[in-house]
Amino acid sequence: MTQTPTPVAESSTAPSDLQDERLIRPVGARENVAAQIKRIRTGDLGALPIVIGLLLICVIFEIITQANFLHATTLSSILFLYCAPVGVISVGIVLVLLLGQIDLSVGSMSGASAAIFTVVYTTGHLPEWACIIASLVAGCLVGLFYGFLFVKFSVPSFVVTLAGLLSLLGLQLLVLGPTGDVIMPPTSFIVQLGQSWYLPWWAAYLLALIAAGGYAATALLRSRARNRAGLSVPSSLGVYIRAALMLVGLVVLITYLDPPDSPLGGFGFPAQNDGFGVSTAFAFLVVLVVIMNYALTRTRWGRSVFAVGGNVEAARRAGIRVNRIYISVFVLCAFLAALGGLMEVGLLGSATLSTGTDNVNLNAIAAAVIGGTSLFGGRGSAWSALLGILVIEAIQVGLDQMQLNSYAQYIVTGFVLLVAVIVDSLSRRSRVAAGRA
Amino acid sequence: MTLVSKASPAKHETVDPVLSMRDVSKGFGAVQALSRIDLDIFPGEVVALVGDNGAGKSTLVKILAGVHPQDSGTITFHGKPVHIPSPSASRALGIATVFQDLALCDNLDVVSNLFLGRELGGIALDEVDMESRSWELLRQLSAKIPSVRIAVASLSGGQRQTVAIARSLIGDPSIVILDEPTAALGVAQTAEVLNLIERLRERGLGVLLISHNLADVQAVADRAVVLRLGRNNGEFRIADVSYEDIIAAITGATDNVVSRREAAVHAANLEKKK
C-alpha cells in the first residue's frame, strides 16, 4: 500500500470544487437534461410532485366544473384571497416541523388573537394598530411560554401545545364571552386588507419584475463571487433563461387575474374585466415566504434551525445555543398564528366563537406536509407552506363549486395529505438507495 | 505497508508538552474511575491511549473535552494550569475532540457541517468563502470527498470520519482527541483515517488517539499510554515495544489469558519446528 496524496492540480483549469475524477459532469444540453431526469428518478423531487399535483387538480376541476374553476374571478377573489390567513399560519408550522417539533395550537392561537383584537378594538377605543400589536404580542408571549416549558422542563411540544390548544380556546371564549360574535367595520385596515385590497396593476407588474430581476441579480452576483474564489459557476445562460421564464410566467398570471385599469387588460377570457388582480393579502403571504426562505437558507439562524432539526446533540456540541433556537421558533410560530388570526378576521369581517376552530389547525399542518416539509425535522422549505395551502384551498374551492358538502372536502383533503406523505416517504427511500438522503 | 510509524526522535528533551495532566483523579459515586493519572502530549506527536473496557479512557477524554471536570489533580496547557469546566471552554483552549458518534448533521452538506456553529459572514452567510476554505482544508488533509455540496448522509464511514476530523481543525486547535476513529471502518477506510492522523502530526498538532485496535496504534502512534482500572499502567515508545508488551500492560500481567495463549501457540510452533 502506498500513500498517494492526491496532487492538488495547481495548474488545472477545472474549478477547485470539480477536480475529483469521480464527479459526473454533464456537458451540453442533452446531458444536462439527462442529469436532471436522473436526479428526479433517484428521489430528489424538490417541488415537482406538488406542482404536478396542483396542475392535475386544476385540470380535473376545470373539466368537472365546466371551465368555472380557472375563471379569473374565482382565482383572484376566492382562491388567492382564502389562501392568505392559513398560509401565514402554515409558514410558522414549517418552522416547528423543521425542528422536528409540532404546534397543535395554531388554530386556537389564531382564534384567541382574533378575539383579543376585535374586543380591544370595539371596546377599548384604541387605534387599530395598537390592537394589532396587542394581539401579536399576545402571540409572542404564548410562544415564549411554550418555548420556556419545552426547554426548561423538556415537556414534549406535542403535549405543551395540546394543552395550549385547549387553554387558548378557553381564552377565546372568555374574551368573546360577553359580546359573542364581533363584527368589524368594513373600513378597518384589517378588513380592507383581508377582503378588498388588490395591488394596483403597476404594483403587481413591478413586483413580478423585482422578483425576476432580483433572482437574476443574486444568481449573477453569486456566480461572480464563486468565479473569483475559483469555484465552479453555473451557466449564466441558464440564469437568464430561468429569470425570463419566471418573468413571463408571472406576467401571464397577473394579466390573467386581470387587474382593473391595467393597460394590458386581461386576456378577455372568458370575459373582459372579470378579475380583480392580485390580492394584497396573497402578495403579503408570498413576500413573507420569500423572506422566511431567505432567513432559513442564508442566515446563521436558519442554518442552526436545520442543524437542530437534523441532530440536536451535534448542534449542541457545535456550540449552537439550541435552547434559543427552540424558543425563537416557538415564538415565531405563535406570532405567525396570531397574525393569521388577524388576517382571518379581515377575510371574514368578524371574529366569532368558531374563528380558528374549524379546520385551521389541520389545514395549516397539512399544507406544510403536503408542500414537502418532513414531519421528522431537518428537511423542508418555506415554499412548502405556499404550495401546500394552494393545493388545499384549490381542492376546497373546486369542491365548493361542485356544491359538495364539507364531508367531501374533509375526505379529499385527507386523501391528498395521505398521498403527499406517501410520495415523501417513497422519495426518501429512493434518495437513500441513490445515496442522496 | 508504508503506514509504519516514524517515531519522533527524542522530542521530550527539547520540547515542552502542549498538555500535561498530573495526579488527575475522578470518581463517580463509589467508583474511582481515574486515580492519579499522569499524561503528557507533545506537539507533533501521536499518543495512543489504550486500555481494556472500564480502564478509564472515556472518563479521561471527557475530562479533557470539558464534559465533566476532574475531582483533583492539575491540567497544564501550554505550561499554564487550566480549568476545563465546559465543552466550549475546552474548545476555546484549543482542544478539539472528535467523539465516536462524530456528531454530524446528516441533513446538512459537508460545508455546513464543517462550519457548523462557526459560520462565516455577517447577517448573510458567506457560502462562497466557506466552500473555498472547505476545499482548502480537505486538500491539505488529502481527503477524498468528491463534492462538498452533498449531504453528509450520503458519505461513506471513512469520509464521515474525515469530515468530523476536518471540522475539528477549523478552530485551529493545538490538540486533537480522536475517540475510536477506526472502530466502524473497513480496511481501506481505516488506512485513509490513519493517513489523516499522520497528516495531523505533520501539521504539528498533538494527537490523542483512543483505540482498541493495536494494529492501528502500532501503525501511527509514537507513544502508547496504557490505563488499567483507572491507573497508569505503563508508557511505551511504540518503536521499542512489541505487541505482546502492550497486551501485557493492558491486561495487567504477563500471566493472563491472552499471553498464556500466545505462549502456548508459540511453544507449539517451536515444537513443530523440532
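Please read these numbers as outputs of a predicted model, since none were measured by experiment.

It is worth spelling out the overall build of chain B at this point. Looking only at helices and strands, one finds ten helices and ten strands in chain B. Computed over C-alpha atoms, the radius of gyration of chain B comes to 20 Å, within 12% of the 19 Å expected from 2.2 N^0.38 for 274 residues, which places it in the range of a compact globule. For chain B, the proportion of its 274 residues judged to be buried stands at 46%. Taking as baseline every contact in chain B between residues at least 6 positions apart, the subset at least 24 positions apart corresponds to 68%.

What follows is about the overall build of chain A. Helix and strand content of chain A: 16 helices and two strands. For chain A, the residues scored as buried account for 41% of the 437 residues in total. Taking the intrachain contacts of chain A between residues at least 6 apart in sequence as the baseline, contacts between residues at least 24 apart amount to 75%.

Turning our attention to the pairing of strand β4 (residues 72–77) of chain B. For a regular strand, the rule is simple: side chains alternate between the two faces of the sheet. Residue and element names in this part refer to chain B. Direction of pairing for strand β1 (residues 19–28) relative to β4: antiparallel, over a ladder of five bridges. Opposite L19, over in β4, you have F77 as the bridge partner. As paired strands, β4 and strand β5 (residues 80–82) are joined by three bridges and run antiparallel to one another. Bridge pairing in β5 links I75 to V82. Adjacent in sequence and paired antiparallel, β4 and β5 are bridged by two residues, among which H78 carries a positive phi angle near 55°.

Glancing now at the interface of chain A and chain B. The interface of chain A with chain B comprises 36 residues on the first partner and 34 residues on the second. Contributions of two or more residues to the side of chain A that touches chain B are made by α8 (201–228), α11 (300–310) and α12 (312–317) of chain A. Broken down by element, the residue count for the side of chain A that touches chain B peaks at five residues, all from α11 of chain A. When grouped by side-chain class, the residues that make up the side of chain A that touches chain B number 14 nonpolar, eleven polar and eleven charged.

A separate point is unusual backbone geometry. Residue and element names in this part refer to chain B. The backbone of L102 sits at a positive phi, close to 65°, despite the residue not being glycine. Relative to the assigned elements, L102 resides in the loop between β6 (95–98) and α4 (110–114). Of the residues examined, L102 has 21 C-beta atoms within 10 Å and is grouped as buried.

Moving on, we come to the environment of A351 of chain A. Residues and elements named next belong to chain A. Among the secondary structure elements, A351 is positioned in strand β2 (residues 350–351). Judged by C-beta crowding, with 32 C-beta atoms within 10 Å, A351 ranks as buried. When the C-alpha atoms of A351 and A114 are compared, they prove to be 5.8 Å apart, with 237 residues separating the residues in sequence.

Our next topic: the sheet that holds β4 of chain B. All names here are of chain B. Ordered in space as β2-β1-β4-β5, the four strands form an open sheet in which the pairing is antiparallel. The open sheet terminates on both sides in strands that have one partner only, identified here as β2 (31–41) and β5. Direction aside, the axes of adjacent strands within the sheet are offset by 30° on average. Helix α2 (residues 57–65) contacts β1 and β2 of the sheet and is inclined by roughly 65° relative to β2.

What follows covers the sheet that holds strand β10 (residues 231–237) of chain B. Residue and element names in this part refer to chain B. The strand order across the open sheet formed by six strands is β6-β7-β8-β3-β9-β10, and the pairing between neighbours is mixed. Strand pairing shows two members of the sheet lacking a second neighbour, β6 and β10, which therefore form its edges. With strand direction ignored, the average angle separating the axes of adjacent strands in the sheet is 20°. One ladder, built from five bridges, connects strand β3 (residues 46–51) with strand β9 (residues 223–228); its direction is parallel. Across the sheet, residue A48 finds its bridge partner in β9, namely A224. Lying on the sheet, helix α6 (residues 157–169) is in contact with β6 and β7 (175–179); it crosses β6 at an angle near 165°. Across the sheet, helix α9 (residues 243–251) is in contact with β3, β9 and β10; its angle to β9 comes to roughly 25°.

Moving on, we come to the nonpolar core. If you look at the biggest cluster of nonpolar residues, it comprises 189 residues, and the most contacted ones within it are C333 of chain A together with L209 of chain B. The contact partners of L209 of chain B, leaving out residues within four places of it in the chain, are V46, V47, A48, L49, L178, I197, V220 and A221 of chain B.

Before going further, it helps to spend a moment on the confidence of the model for chain A. Per-residue confidence for chain A averages 84 on the pLDDT scale, and 89% of its residues sit at or above 70. Counting interchain partners and residues more than four positions distant, the pLDDT-below-50 stretch residues 1–12 of chain A has 13 contacts.

Residues and elements named next belong to chain A. Within helix α7 (residues 189–196), burial applies to I190, V191 and G194. Down the axis of α7, the smallest arc covering the buried residues is 90°, so these residues share one side. Of the surrounding elements, those touching the buried residues of α7 are α5 (128–153), α10 (280–298) and α13 (322–348).

The next point concerns the packing of α5 of chain A against helix α6 (residues 157–176) of chain A. All names here are of chain A. Direction vectors running N to C along α5 and α6 enclose 145°, while the axes themselves pass 10 Å from each other. By crossing handedness, the relation of α5 to α6 is classed as right-handed. Counting all contacts with α5, which are made through V142, Y146, L149 and F150, the residues of α6 involved are S157, V160, T161, G164 and L168. Of the residues in the contact of α5 with α6, the class split is six nonpolar, three polar and no charged.

All names here are of chain B. Across the two faces of β6 the burial is the same, with I95 and T97 and A96 and V98 all buried. In this structure, β6 lies alongside β7, joined through four bridges in parallel fashion. The partner of A96 across the bridge, within β7, is V176.

Bringing helix α2 (residues 48–64) of chain A into the picture now. Residue and element names in this part refer to chain A. Over its 17 residues, α2 runs 24 Å from end to end, which matches the ideal 24 Å to within 8%, given 1.5 Å per residue. Among the residues making up α2, those that are buried are I50, I57 and F61. In an axial view of α2, the angular spread of the buried residues amounts to 20°, which keeps them on one side of the axis. In this structure, α2 carries I52, L55, L56, V59 and I63 as exposed residues pointing more than 90 degrees from its buried face. Here the buried face of α2 lies against α14 (360–370) and α15 (383–401). Just beyond α2, the residue with positive phi is Q66, at close to 50°.

For any two helices packed against each other, one specifies the crossing angle of their axes together with the interaxial distance. Residue and element names in this part refer to chain A. It is the contact of α8 with helix α9 (residues 236–257), at a shortest axis distance of 9 Å, that shows an interaxial angle of 170°. Relative to α9, the element α8 lies roughly antiparallel. For the pair α8 and α9, the contacting residues are A204, Y205, A208, L209, A211, A212, Y215, A216, A219, L220 and S223 in the first and S236, V239, Y240, A243, M246, L247, L250, V251 and I254 in the second. Among the residues making up the contact of α8 with α9, the classes are represented as 18 nonpolar, two polar and no charged.

Residues and elements named next belong to chain A. In this structure, L237 sits in helix α9. Judged by C-beta crowding, with 8 C-beta atoms within 10 Å, L237 ranks as exposed. When the C-alpha atoms of L237 and W201 are compared, they prove to be 30 Å apart, with 36 residues separating the residues in sequence.

Each value, and the rule that gives it
Residues numbered from 1 in each chain as written. Chains lettered and ligands numbered in written order. Predicted model: local features only at pLDDT ≥ 70, side-chain atom pairs only at ≥ 80, totals over all residues. Helix = DSSP H or I, 4+ residues; strand = E, 2+ residues; numbered from the N terminus. Rg over C-alpha atoms; globule rule 2.2 N^0.38 Å. Buried ≥ 20, exposed ≤ 12 C-beta atoms within 10 Å, placed from the backbone. Contact = placed C-beta atoms within 7 Å. Pairing = 2+ DSSP bridges. Nonpolar A, V, L, I, M, F, W, Y, C, P; charged D, E, K, R; others polar. Axes fitted to C-alpha atoms, helices over the stretch in contact; angles between N-to-C directions. Core = buried A, V, L, I, M, F, W, Y, C linked by C-beta atoms within 7 Å. pLDDT = per-residue confidence, 0-100. Arc of directions from axis to C-beta. Left-handed = near helix turned anticlockwise from the far one by under 90°. Expected span 1.5 Å × (residues − 1). Parallel < 35°, antiparallel > 145°, perpendicular 65-115°, else oblique.

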